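# Observations on the three-dimensional arrangement
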There are 2 protein chains.
Amino acid sequence: MRANGRPFKARIGANESSFGPSPKAVEAMCVAAPEVWMYGDSECHDLRLALAAHHGVTPAHISVGEGIDGLLGLLVRMMVAPGDPVVTSDGAYPTFNYHVAGFGGVLHKVPYRDDHEDPGALLVRAEEVGAKLLYFCNPDNPMGTWHSARVVERMVKALPDATLLVLDEAYIDAAPAGTAPDINPDNPSVIRMRTFSKLYGLAGLRVGYAIGAPELIAMFDRIRNHFGMGRIAQAGALAALHDQGWLTHVQTELAAAKARIGQIAAQNGLYALPSATSFVALDTGRDGAFAKALVDALMARDVFVRMPFVAPQNRCIRVSAGPQAAMDAFESALPSALAEISGKS
Amino acid sequence: MRANGRPFKARIGANESSFGPSPKAVEAMCVAAPEVWMYGDSECHDLRLALAAHHGVTPAHISVGEGIDGLLGLLVRMMVAPGDPVVTSDGAYPTFNYHVAGFGGVLHKVPYRDDHEDPGALLVRAEEVGAKLLYFCNPDNPMGTWHSARVVERMVKALPDATLLVLDEAYIDAAPAGTAPDINPDNPSVIRMRTFSKLYGLAGLRVGYAIGAPELIAMFDRIRNHFGMGRIAQAGALAALHDQGWLTHVQTELAAAKARIGQIAAQNGLYALPSATSFVALDTGRDGAFAKALVDALMARDVFVRMPFVAPQNRCIRVSAGPQAAMDAFESALPSALAEISGKS
C-alpha cells in the first residue's frame, strides 16, 4: 500500500478478514489500552483457560504465541537441529520454510496433486527422509482446497515414528463440517496450530495458539519470551473467542462473498477452485507469467490480490473474500485488467 | 496477582510505569483497534522513521521488536553458537541469560562492585574468554545505579575485537543528563537496546528497538517474524514517541516518587541507593533471607515489590516509583511488614 501511494479499493490479498473483528473484541482492546502499562499475564491464564474449554482440552494442552508464525519459529527451534530433514508441500506456507531454513533444517518438498496437498506422498517422503516435522495445512493455503477429517486421521495413524505432524488449521473455521479431525489431544505425534488472524479478524494483534500433548506444549515455556503476549492482545483474543456469534456472522458473510467471487470469475472466463478457506484461488487457465501480469494489472487498479508462487499452482490468483465494496471493486477491475494483459500477450 | 486472589494496593514490583501511558497513545491504540484485522506494516516503516529522526540516525540503524526481550533473543540467536562465551554481570537481567542458555552459549558472570556493574572487570573477562557478547545495562537493573556516558564511551573504545557490546538502555529516559553515551551509530561493535515498556508506560504492548550499525541491524530481518509487530503496537508506540510532553511529565512524577521512596526508607531504617532508573533499591542492611521475608510480608499487605536475586545485591528490595496512592500504600505497609519479620527473627 505504501509502495502504491494510495489506499486500496479492495485489500483482498493477504487473507485478512475485511469483515473486521468482533465489536466486543474492539471494546475489550480499548478497555485494555489505558492498562497497557502493565505487562500481560506471562501465562495467558484466562485465554488458555477459555481456549481449553472451547476445545475440550486442558490449559496444559495449549500454548499461546505471537501468531502461528511465532509458534512455528519456536517449534522448529525445538525440534529441528542443523541438517535435520523436514517435509512440506512445494508451494505451501513460506514462513514455515523460512524458520526451517533459519534453524538449519533441510526441506524436502512434495508436489501438490490436483491442487491439493498430497497426504500419501507426504507420508512416503517423511518416512524416506526420517522427517522431524511434516507440515500439513488443512484447509490449504494458497489453494483453498482441503481434505476430510478422515484423511487427516488416517495420516496421523500412518505417521513415521520420528515425525511430528504440524497440522496448520489457520482456516479451519471456514471449512465445512467434517474437516477438523478428531485427534486425541494427548497424542504426542501431532501439534495443531490455530489463529485469531483469519476469521476472528485479528491479524494485526498477533495471537495464535498450539494444541498438543502437555509434554510437547511445556517445551514452549522453556524457550518462549515469558512476557511475549501483550495485554491488549490477550484481552482482544479472549473477547473474540467469547463472541462466537460474530464468528458465525463472518462465516455467513464469507460464504456469500466466496460465491460472488466464483460468479465474477465465471463471468470473466476464470475457474474458481472449491475453497474451504477465507479466499478463493482462481485458475486463469494460463501460466505463472499471465497470473503475475493479472495481479499487477489489478494492483494498478487499486485491487490487492496475490498468487501462489510455485508452478503449476501459480497459474492461479488468490482472492480473499471481503465485504460488498471490496467485491464490487474486484468485479469492476477484473474485466479491464484481463483485457489489458490479453491485449499485451 | 492471580496467586494472591485480589488486586494489589501497590503494583510496584515489575518496574512498570504506573503513571500510565500517554493519553495520546491510548487514543491511537483505540483508533487502531477496529483496523486490527489488517496485519501491521511488516517493516514498521512509520515507527522506524520517527525513531530515526528522534535519535538522529537513519531507519537502517533501527530494528523494532517485541520488547527488548524479543530483540535479545534474536540477537543471541544471531551471534552465539553453542559453546560460545558470553559475559554479563552476576545478578543482571535474567532474560538475557535465559536466551544465552537457550541457544547453548556459555555465560561468564562478573560480580557487581559496590552495587554497580563493573565495566573494567567486564572488559577483562570479555577479553579473557573471547566473549561474543558483553551485556551491560546502564542504568542498571536491579540496582538502579549507573555509570556516566564517559565511562561507557571508554568501554566501547576498549572492547575486544571479537566482542559486541549489548548496551541495554531500558531506563535511560530516567537517567540524569550525561548518562547516554555518544556512540557512532555506524560502530559495528555496539548495539543499543531501548524500549517503550518503561517510562513510556507501554510494557503490555511489547515494543522495543535496537539501534546499531546497518549491517548488524539488517541481520534481524533475516530471522525475525516478518509480521511480528502488530498494528496496535506500532500505532501506540508511534503516538507515545510523538508525545514527549508526557515523557517529561512522567520524568517529573518519577523524580518526586523516588524522593518519597527515599524518605519512607529513611523513616524505616532502610538505605535508598542512588537511582537513575524508575525504581529504587532499598538496602535492608541484612541478608537475602531478610529481604525475601520483607518482600513476602509486603505482598501479604497487597504491596507487590521484588528484590535482586544474587548476593550481596539481594540484601535489597526493589521498589518501583508510582503515583501517590501506590506510595501511600507502601508507606503504610512497610512499618508493620518490618515489625513482623523483625519480631520473627
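The structure presented is a predicted model; accordingly, all values stated were derived computationally and were not measured. (Residues numbered from 1 in each chain as written. Chains lettered and ligands numbered in written order. Predicted model: local features only at pLDDT ≥ 70, side-chain atom pairs only at ≥ 80, totals over all residues.)

## A few points about the environment of Val305 of chain A
All names here are of chain A. By secondary structure assignment, the location of Val305 is in the loop between strand S11 (303–304) and strand S12 (316–320). Placed 290 residues apart in sequence, Val305 and Asn15 show a C-alpha to C-alpha distance of 9.1 Å. For Val305, the residues in contact, after removing those within four places along its chain, are Ile12, Gly13, Val295, Leu298, Ile317, Arg318 and Val319. (Helix = DSSP H or I, 4+ residues; strand = E, 2+ residues; numbered from the N terminus. Contact = placed C-beta atoms within 7 Å.)

## Some remarks on the relation of the copies chain A and chain B
Rotating chain A by 180 degrees and moving it 0.0 Å along the rotation axis overlays it on chain B with an RMSD of 0.0 Å. What the superposition gives is, in effect, a two-fold axis relating one chain to the other. Proximity to the rotation axis, assessed at the C-alpha, singles out Cys30 of chain A in chain A; its C-alpha lies 2.5 Å from the axis. Comparing contact sets, 100% of the residues at the interface of chain A also lie at the interface in chain B, consistent with an isologous, same-surface contact. (Least-squares fit on C-alpha atoms with pLDDT ≥ 70 in both.)

## A closer look at helix H7 (residues 214–221) of chain B
Residues and elements named next belong to chain B. Within H7 the residues assigned to the buried category are Leu216, Ile217 and Phe220. Angularly, the buried residues of H7 cover 100 degrees about the axis, an arc narrow enough to put them on a single face. H7 presents Glu215, Ala218 and Asp221 as exposed residues on the side facing more than 90 degrees away from its buried surface. Elements that come into contact with the buried residues of H7 comprise strand S2 (62–65), helix H3 (67–79), strand S7 (190–195) and strand S8 (208–211). (Buried ≥ 20, exposed ≤ 12 C-beta atoms within 10 Å, placed from the backbone. Arc of directions from axis to C-beta.)

## What about unusual backbone geometry?
Cis peptide bonds are those with omega within 30 degrees of zero, and the linkage from Ala311 of chain A to Pro312 of chain A qualifies with 0 degrees. Of note, Pro312 of chain A is situated in the loop between S11 and S12. That bond from Asn138 of chain B to Pro139 of chain B is cis: its omega, -5 degrees, falls within 30 degrees of zero. The residue Pro139 of chain B is located in the loop between strand S5 (133–137) and helix H6 (149–157) in this model. The backbone of Asp114 of chain A shows a phi angle near 55 degrees, a positive value even though the residue is not glycine.

## Focus on the sheet that holds strand S10 (residues 279–283) of chain A
Residue and element names in this part refer to chain A. With antiparallel pairing, the 3 strands of this open sheet are ordered in space as S9-S10-S12. A strand with exactly one partner marks an edge of an open sheet, and here the two such strands are strand S9 (271–272) and S12. Where S9 and S10 come together, 2 bridges link them in antiparallel fashion. Among the inter-strand pairings, Ala272 is bridged to a residue of S10, identified as Leu282. (Pairing = 2+ DSSP bridges.)

## Concerning the interface of chain A and chain B
It is common to give the size of an interface as the accessible area lost on bringing the parts into contact. Taken together, the contact between chain A and chain B spans 39 residues of the former and 39 residues of the latter. Only helix H1 (23–32), helix H3 (67–79), helix H4 (94–102) and helix H8 (231–242) of chain A provide two or more residues apiece to the side of chain A that touches chain B. Partitioned by chemical class, the residues of the side of chain A that touches chain B number 17 nonpolar, 15 polar and 7 charged. (Nonpolar A, V, L, I, M, F, W, Y, C, P; charged D, E, K, R; others polar.)

## Looking at the sheet that holds strand S2 (residues 62–65) of chain A
All names here are of chain A. Here we have 7 strands laid out as an open sheet, ordered S2-S8-S7-S6-S5-S3-S4, and mixed in their pairing. Only two strands of the sheet have a single neighbouring strand rather than two, namely S2 and strand S4 (106–110). For this sheet the average axis-to-axis angle between neighbouring strands, irrespective of direction, equals 20 degrees. Sheet topology note: the strand S7 (residues 190–195)/strand S8 (residues 208–211) ladder contains 4 bridges and is antiparallel. For Arg192, the partnering residue across the bridge sits in S8 and is Ile211. The strands touched by helix H2 (residues 45–55) within the sheet are S2 and S8, with S2 carrying the most contacts at an inclination of about 125 degrees. (Axes fitted to C-alpha atoms, helices over the stretch in contact; angles between N-to-C directions.)

## A few points about the domain arrangement of chain A
Residue and element names in this part refer to chain A. Assigned domains within chain A: domain 1 (10–19 + 245–344) and domain 2 (24–243). A separation of 26 Å is found between the C-alpha centroids of domain 1 and domain 2. Across the boundary between the two partners, domain 1 contributes 24 residues, which contact 23 residues of domain 2. Elements with a minimum of two residues in the side of domain 1 that touches domain 2: helix H9 (244–267) and S10. Classifying every residue of the side of domain 1 that touches domain 2 by side-chain character gives 14 nonpolar, 8 polar and 2 charged. (Domains from an automatic or database assignment.)

## Some details on the packing of H1 of chain A against H8 of chain A
Residue and element names in this part refer to chain A. Their axes nearest at 8 Å, the elements H1 and H8 cross at an angle of 155 degrees. Here H1 lies roughly antiparallel to H8, going by the angle between them. Crossing geometry of H1 relative to H8 is assigned as right-handed. Every residue of H8 that contacts H1 at Lys24, Ala25, Ala28, Met29 and Ala32 is listed here: Arg231, Ile232, Ala235, Gly236, Leu238, Ala239 and Ala240. Residues that form the contact of H1 with H8 fall into these classes: 9 nonpolar, 1 polar and 2 charged. (Parallel < 35°, antiparallel > 145°, perpendicular 65-115°, else oblique. Left-handed = near helix turned anticlockwise from the far one by under 90°.)

## Things to note about the confidence of the model for chain A
Here chain A averages 97 in pLDDT, while 98% of its residues score no lower than 70. Interface scoring of the predicted complex returns ipTM 0.96; its pTM is 0.97. (pLDDT = per-residue confidence, 0-100.)

## Some details on H4 of chain A
All names here are of chain A. For H4, the set of buried residues is Phe96, His99 and Val100. On an axial view of H4, the arc spanned by its buried residues comes to 100 degrees, and they lie on one face. Looking at the packing, one finds that the buried side of H4 touches H3, strand S3 (85–89), S4 and strand S5 (133–137). Gly104, located one to two residues past H4, shows a positive phi value of around 85 degrees.

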